[in-house]
Each structure stands twice: as C-alpha cells, then as structure tokens.
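# Close look at the chain arrangement
What follows is the residue order along each chain.
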Amino acid sequence: MFEHEQQKISERIRSFCVQNDLPQPVEIAWSPVPFSGEWGISTSFFQLAAQEARQIKERTGQGVNVPQRAQEIAASVAEYLGKVPGFSRIEAVKGYLNLYFSSSEYARRVVDTVLAQGRRFGAGEPKSDRVMVEYAQPNTHHSFHIGHARNAILGEAMARLVEFAGYETIRATYPGDIGLGVITVLWAYDRFYKGQEPQGIHERGQWLLKIYVEATSLLEKKEDETEEDKKRRESYEQERREMLRKWDAGDPYVRQLWKETRQWSLDELEDIFDILGIHMDVWFFESDVDEPSKAIVDELIRLGIAEDERPFGGAVIVKIDEKLGLKKEKYRTNVILRSDGTTLYLTKDLALAKVKFERYHVDRSVYVIDVRQSLYMQQVFKILELWGFPQAAKCHHLGYGFVSLPEGAMSARRGRVVLFKDVLDDAERRVLSVIAEKNPSLSGEVRQEVARQVGLGALKYAMLSVDNNKDIVFDWDAALNFDGHTGPYIQYAAVRCNSILRKASAEGIELQEDVAFDYALDAAEVQLIDLISRMPSEVQRAANEYKPLTIANLAYDLARALNDFYDRCPVLKAEPDIRLARLRLVMAARQAIVNTLAILGIETPDAM
RNA sequence: GCCCCCGUAGCUCAACGGACAGAGCACCUGCCUUCUAAGCAGAUGGUUGUGGGUUCGAAUCCCGCCGGGGGCGCCA
C-alpha cells in the first residue's frame, strides 16, 4: 500500500549512493519493521556494504567489517534523508534503516482505502494472462472422500487467489468417468442390484461406492479359495470383461446403464461443489477426450517427437530425455499410446492441454493433482515443450500430499475411506452443540446456516493452513477443532466486529466518514492496521508463488490482532472521537478478514 | 540404480536469504455484573536430523551422510 513512498525513498537512497561514491544497489527491498509497537517500513544495507567491500578488496586487498559498514551507511542515509513527510521518525539500527509512519495519517489512509474498496480491497490490477486452474478430478461411480475434498478446497482457493490477484481465471474439472473401475461398478450393479435405486443424492452416490467395494471383493482372489469359489470368481471376471467390451463397442444397453449411474455420481458431485462454493466453468469428461485424443499421437509421430514401436509389437513412446538432449535420466520415457491402440492418461492429458491452449487461449495452466503424479506432470510439460507450446513454461503442477487416516492409507477398493459428507455432517452437529452452549439466543433457522458456515470453515481451514506438499493424517478431532489456529477462530474475530457495529447502531451512534486517528494509538491498533495494509502485496506474492497458505496465515494473523485489539481497546466506551475512529477501524478489520477468508472460500457468518 | 518431497518445541505446523526461529494443541497460573471467554494475558518448552560449503548473514541455497514418505514404458 505504500509503494509510492517506498519508491520515492528508494530514489533518494540511490542518489545518496551516487553522491557518496557508493556502488548502485541492485535492488532496494522493503519490508515491514518487525516487532510490534511501532509501525513502519524497513530496508537493510548489508548487500550494499558487501558490494562495496568486494570492490575495496579487489583494489586494495583490504577486508571490511560488513555489518559495521552497513550500519554506517544506514546512519548516513538516515541523516541524508532528514525529515521525510509522512514519517514520524527515521532510525538506523544494526544495518537497517527504519522509517516509522506518522501513525494517525497512515492509519486513516489504510482504513479509508479499505472502506472505499470494500470487497475489492486487496485485489490486484487486471492482468493480461489468462489462467486455467484444473482441480477436482474424481472418478465417477465412487463417492467423494476427504482426499478429494483436499483437492477441491485447495483448487478453489487457488482459483480464487489468482482471480483476486487480477488474472482472468477459468475453473476446470476433469472427472474420470470411464475405465475398469467404472465398469466394475456397472457390472456388479447390473448383476446384483439392477432396478434398485436409493433415494437421496448422497445415499445414491455412497451406494455406488458400496457396490464397488463388494465387487472388488468378489473379484479378488482369496487365500483359502475353494475350487467352487474359483470357478465363480472366474465367471464374474468373464462377465466384467464382457461388459467392458460392450461399453467399448457402444452397446446401447451398457451405455444406457453407464449414463444413468454416472448421472448419480455427477448429481452428488455437483451437490458437493455447491456445498463447497465451487462453480466450474468447464467440464472435461474423460470419456469425451478419449477418442479425439488419439489424433495427437499421429501428430507427435509425424513431428518426430514420438516413436512408433507398434510394428514390432510395442507401443508409441516419447523418449523425453533423449529428445531434450539430456545425458542423465531425468524425465525418462513414457508411453503415449498402448500397443493395442487404446489411450492412456498421458494421451488424454496431452490432447487436453492442446485444447486448453488453442480453444481456451490459456496462458498459464495450473494442475491441482496429487504430488505422487509429480514425475508424470513433468513429463507432460516437457512433451508440450517439445511440441512447441510456449505455454509449457507456464504450466504449474500444484501438488498436494495425500490425506491418510491414523490407521493407514485410505482405500476406496477396501471401503476404508472417510467420506467428506460424513465429516461435514459431523462438523455441523458439533457447531450446533457449541452454539447451544455459547450463544443460545440465535434463532433456529440462523443456527443451521451458521453451523454450515462454521463447520465448513473449520474443515476448509484445516486443509488450507498446512503447506500443500505436506501429507495430512486426518484426525477427526483436530480437523473439527474450533479453538486456536482454526477457521472458526478467524470467523469469530469478524463476528466480534459485527457485534460491536450492531451494538453501536443500536445505541444510535452515527458512523462518520471523515474521521481522524488523532490520538495515541495502542500497540494493538498499530499491529492491526499494519497487517491490514499488507494484504494487497500478500495477495500478489501468494498468487505468484501459487501458495494459498500465505493467505491462510494472513487471515489468522489478522484475527489474532483483532482479538488482541478487542481485549485491549474499548470501542463503544471510548471517548467520542476515539470511538468514531475505532469503529472505522473495526469496519476495516472486518472487511480485511472477510476478504482473506473469501479467497480461501470460507464464508463469514453475521453472528455465531 | 535414478528422480521428487519431507525432517523445526512432547504433538500438529508457520517463518520474501535478514534483526530476539513463531503459532496452535497438550499441561500449569490468572482474567467473564464491562463491545459474545469459539477470547485475552502469563509460565513451561529449541545446539531448526547430521557433517561440511557458499554468504556480511543460512531453518531457508549447494554437496555428503542418516531417517521417513513417494515415484520411475503400455495403472490412473
């Protein structure tokens, strides 16, 4: 928020260097002065001193004490700058130049800016790059578990982040609606359950998972298998293969069965997207990309990127390291078409990337996919590069660690999964019981809505406050904790703001726009304003580094500062002038918290 | 064999190459007739796995080692 001041002072530092025969600093980096209490910006002179020291060493061979010299430079710069308008004082400490803001003036500017911009506070200027974020690639004929939820929550936060940072953003999902897993469910459904259909979107979706688990068990070879078991299993296997063949051949009965059951999964998926606040712009179905993707194989062969080993009974492959001219093995070789002419994931991903670039004109492509696919994703990007797509350099794999259970990895095949819907239902129950205890005056209807917002907030924040490439062991109690470093803690801070504002209005206090912060600000107020002012730059940094975590941290820091302020600075009972200023600050703080939470896809309740 | 990720307080995790490595949980002590205690303050807790290197400065970058996880031509 203070780029203008920073730039002006940077210029003066540069001219100071010229006048004093110092090397030109490569970069003058500004950061907030750490340690609470006062508020300002800071830069250091270590680099400059080291640059100078190197020159002296070259000329005279003499060594220089860099920290000491940095402090000297900082001190003379402080003297050179003298009194700078807008800053109350300047100091040189340990090689750092600290410029402290005139609190009242800047406090007012920060607060006014936030309130003028409202929901847009923190947003970046529009940028020319178009970004596509692909996330939520669950298989149909399954149910949605917390591993899928991590993907969807992270992907949505990423999409909101780049969008808020100023990029044109396209959200894309890529459900896997074909393959052996899907056929397995079709077979078992047709064989044992045809005609049955549970009522309720989630019941139906979960039922398909149950069928899948049963079917897998029936098709799995058992240790103590009898001759009879074996015969039965083999005949089941035969039936499944027949089902796959018929699907491939476009058999109307099987296709109809597939479409019907697939729709059940999609109904559930759409409902979950709805719950999570996700609105996809583009749906790429695996079944749609399958056949057309074969065309790119010929193209890659023609271009000399892929090698066709089918005449010798092999597949179509790309020797990536060789084509890149690498000596050491790094990206290896991968198959882009099976020897029997059927497609692989890679076939489809390459074709899909082409569509993204050519039809959707995507400049940057973000893939939110399990970190275990990391080599695979690198292979995709490298092949795209060989293929001549300049956008390949701006493809980014946002990997995330997998979610496991205390008892081990989740396994859909074995039915050992924690379903997202179950966790959410439990979260809402827990919130309701907390409300009953803490805020029984909330009306029944509002309670339900608050339970949804807070329960979801807890879940989402638990997923987003951990670095994406760290694995998560899902702990029911930890994920649904409402105290401390959690979503509800942050929501609660915003709710406290609402409380104050509501009460102010009830007491007939009129809010004013022309309010000065002409009093000795408490350290908590300074800290709060400081954090608020960082939001715009944090948004840019987080978007450029593809790190929603940064925003999750900022949201928490804001909430903590607000709670501290709440405790130390009375608002309604303060002197009238201070009261008006603090009310404005409360409004601004609420807006900043609401905006950071919005990036994370977390709603803020009015009360809780 | 090669590649990727991780190792920070008892536990779960933060920390643009920068100033005293911070939170939460758990445990202990205080604070509700004062804007909702889903809160605040305080106490305890660290040779950032290990040995080198680069740098004025390293949890962060580079190399070796130890430990954990993941991946590596017709699965997705």
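Residues numbered from 1 in each chain as written. Chains lettered and ligands numbered in written order. Predicted model: local features only at pLDDT ≥ 70, side-chain atom pairs only at ≥ 80, totals over all residues. Heavy atoms only, no water.

### Remarks on the sheet that holds strand 3 (residues 87-93)
On the basis of which strands lie adjacent, the open sheet formed by four strands has the order 1-2-4-3 and antiparallel pairing. If you trace the sheet from one side to the other, it starts and ends with strand 1 (31-32) and strand 3, each paired once. By the bridge criterion, two bridges tie strand 1 to strand 2 (residues 40-44) in an arrangement that is antiparallel. From the neighbouring strand, Pro32 faces strand 2, where its bridge partner is Ile41. (Pairing = 2+ DSSP bridges. Helix = DSSP H or I, 4+ residues; strand = E, 2+ residues; numbered from the N terminus.)

### What to know about the domain arrangement of chain A
What the domain assignment lists for chain A is domain 1 (3-101), domain 2 (284-400) and domain 3 (429-599). Domain 2 and domain 3 are separated by 44 Å when their C-alpha centres are compared. (Domains from an automatic or database assignment.)

### Describing the confidence of the model for chain A
Mean pLDDT over chain A stands at 93; residues scoring 70 or higher make up 100%. With pTM at 0.95, the complex prediction returns an ipTM value of 0.95. (pLDDT = per-residue confidence, 0-100.)

### Considerations on the packing of helix 4 (residues 103-117) against helix 18 (residues 523-544)
It is the contact of helix 4 with helix 18, at a shortest axis distance of 10 Å, that shows an interaxial angle of 50°. What the angle tells us is that helix 4 and helix 18 run oblique. Seen along the crossing, helix 4 lies across helix 18 with a hand that is left-handed. Counted together, Ala107, Val110 and Val114 of helix 4 and Ile529, Ile532 and Ser533 of helix 18 form the full contact between these two elements. Residues belonging to the contact of helix 4 with helix 18 are distributed by class as follows: five nonpolar, one polar and no charged. (Axes fitted to C-alpha atoms, helices over the stretch in contact; angles between N-to-C directions. Parallel < 35°, antiparallel > 145°, perpendicular 65-115°, else oblique. Left-handed = near helix turned anticlockwise from the far one by under 90°. Contact = heavy atoms within 4.5 Å. Nonpolar A, V, L, I, M, F, W, Y, C, P; charged D, E, K, R; others polar.)

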